[in-house]
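Chain by chain, the residues run as shown.
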Amino acid sequence: MKSDRQAKRVRKELTERLVAIFDQVAEPGWTWFEQSLTYDNAKLAHALIVSGRAMRQKNVYERGIQSLRWLVGVQTSQYGQLRPIGSNGFYKRNGARAKFDQQPIEAQTTVSACLEAYRATADPWWHRQAQRAFDWFLGSNDLGLELYARQNGGCRDGLHPDRGNQNQGAESTLAFLLSLAEMRLTQNAAASVPRAAMAASAAR
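The shown structure was predicted, so the numbers you read here are calculated from the model rather than taken from an experiment.

Chemist: What is the right way to look at helix α3 (residues 58–74) in this model?
Modeler: Helical geometry: 3.6 residues make up each α-helical turn, so side chains three or four residues apart lie on a common side. The first and last C-alpha atoms of α3 sit 24 Å apart over 17 residues, in line with the 24 Å expected at 1.5 Å per residue. Here α3 has its buried residues at Val60, Tyr61, Arg63, Gly64, Ile65, Ser67, Leu68, Trp70, Leu71, Val72 and Val74.

In structure tokens, the structure reads:
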């Protein structure tokens, strides 16, 4: 169909642009697309993993995996927890990194990108990184505070240096719910493999 061809053309063009940006900026020690880490970071690496696989372009896919692995390292605290790039200053190359205010969307996009990498590689390390990012919502963070509000199902808007943001906006709540849905879907898919194998064995 014409619409399919157009979508593939647009995907190819945008992917080539993103790869060109990455190749221009990335260097040892800074394996990224821009001179700073700002907002919704993991989506860039995620895009290359998805597009590289769909287009069967190994070089594109490998850049996505490489950049995501680097980002995961940057966003890991000394205690092994997720520490998203803070929106109160972000993180410019060779500059001071903002530790706060940490945003739920960073945890969500990290969960999603790591699960995509897990599906692509079958490497359990990526599933562990997704779980670690999801646990940020549940209190495995710099302040040990639960961002998910169990009493009403909402999610706080961020993590400040001394407290959780008391507001529960739509973006934050959706970030948690999307992360929860993706984690459960992946767990269900993994659980179905042994069941399917057992059924096939019984049918023989």
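Chemist: Can you walk me through the packing of aromatic side chains in this structure?
Modeler: In total, this model carries 11 aromatic pairs according to the counting rule given. Aromatic pair tryptophan 32 and phenylalanine 33: ring centres 5.0 Å apart, planes at 80°, arrangement edge-to-face. With respect to class, tryptophan 32 is no different from phenylalanine 33; both count as buried. Taking 4.3 Å as the distance between ring centres and 15° as the angle between the ring planes, the aromatic pair formed by tyrosine 148 and phenylalanine 176 counts as stacked. Linking tyrosine 148 in strand β3 (residues 148–149) with phenylalanine 176 in helix α6 (residues 170–203), this pair joins segments that are 28 residues apart in sequence. We note that tyrosine 148, like phenylalanine 176, is buried. Every member of this aromatic cluster is reached through a ring pair, and the members are Phe22, Trp30, Trp32, Phe33, Trp70 and Tyr91. A cation over a ring is seen here: arginine 69 above tryptophan 125, with NZ or CZ 4.6 Å from the ring centre.

Chemist: Just to check I follow, could you spell out the pattern of salt bridges for this structure?
Modeler: Where charged atoms of side chains with opposite charge meet at close range, the side chains can pair. Counted according to the given criterion, the structure contains 11 salt bridges. Note that lysine 58 and glutamate 62 form a salt bridge whose closest N and O atoms lie 3.7 Å from each other. Note that lysine 58 and glutamate 62 are positioned in helix α3 at a spacing of four residues, about one turn of the helix. With a closest N to O distance of 3.0 Å, arginine 163 and aspartate 162 form a salt bridge. The exposure class of aspartate 162 is exposed, given its relative accessible area of 58%. Salt bridges sharing partners connect three or more residues here, namely Arg9, Glu13 and Arg17.

Chemist: When you look at the packing of helix α4 (residues 104–121) against helix α5 (residues 124–135) in this model, what are you seeing that I'm missing?
Modeler: The description of two helices packed together rests on the angle between their axes and the distance between the axes. Two elements in contact, α4 and α5, have axes whose closest approach is 8 Å; the angle formed by their N-to-C orientations is 165°. Considering their axes alone, α4 and α5 lie roughly antiparallel with respect to each other. Note on packing geometry: the crossing formed by α4 with α5 is left-handed. The residues of α5 that touch α4, namely those facing Ala107, Thr110, Val111, Cys114, Leu115, Ala117, Tyr118 and Thr121, are Pro124, Trp126, His127, Gln129, Ala130, Ala133 and Phe134. In the contact of α4 with α5, the residues fall into 11 nonpolar, four polar and no charged.

Chemist: What am I meant to see in α5 here?
Modeler: Taking 1.5 Å as the rise per residue, α5 with 12 residues should run 16 Å; its terminal C-alpha atoms sit 16 Å apart, in good agreement. Of all the residues in α5, the buried ones are Trp126, Gln129, Ala130, Arg132, Ala133 and Phe134. The opening residue of α5 is aspartate 123, an N-cap whose side-chain oxygen sits 2.9 Å from the backbone nitrogen of tryptophan 125.

Reading guide: rules and limits
- Residues numbered from 1 in each chain as written.
- Predicted model: local features only at pLDDT ≥ 70, side-chain atom pairs only at ≥ 80, totals over all residues.
- Heavy atoms only, no water.
- Helix = DSSP H or I, 4+ residues; strand = E, 2+ residues; numbered from the N terminus.
- Expected span 1.5 Å × (residues − 1).
- Buried < 20%, exposed > 50% of the residue type's maximum accessible area, 1.4 Å probe, protein only.
- Phe/Tyr/Trp six-rings, centres within 6.5 Å; stacked < 30°, edge-to-face > 60°.
- Lys NZ or Arg CZ within 6 Å of the ring centre and 35° of its normal.
- Salt bridge = Lys/Arg side-chain N within 4 Å of Asp/Glu carboxyl O.
- Axes fitted to C-alpha atoms, helices over the stretch in contact; angles between N-to-C directions.
- Parallel < 35°, antiparallel > 145°, perpendicular 65-115°, else oblique.
- Left-handed = near helix turned anticlockwise from the far one by under 90°.
- Contact = heavy atoms within 4.5 Å.
- Nonpolar A, V, L, I, M, F, W, Y, C, P; charged D, E, K, R; others polar.
- Polar contact = N/O pair within 3.5 Å; in protein donor to acceptor, adjacent residues only side chain to side chain.

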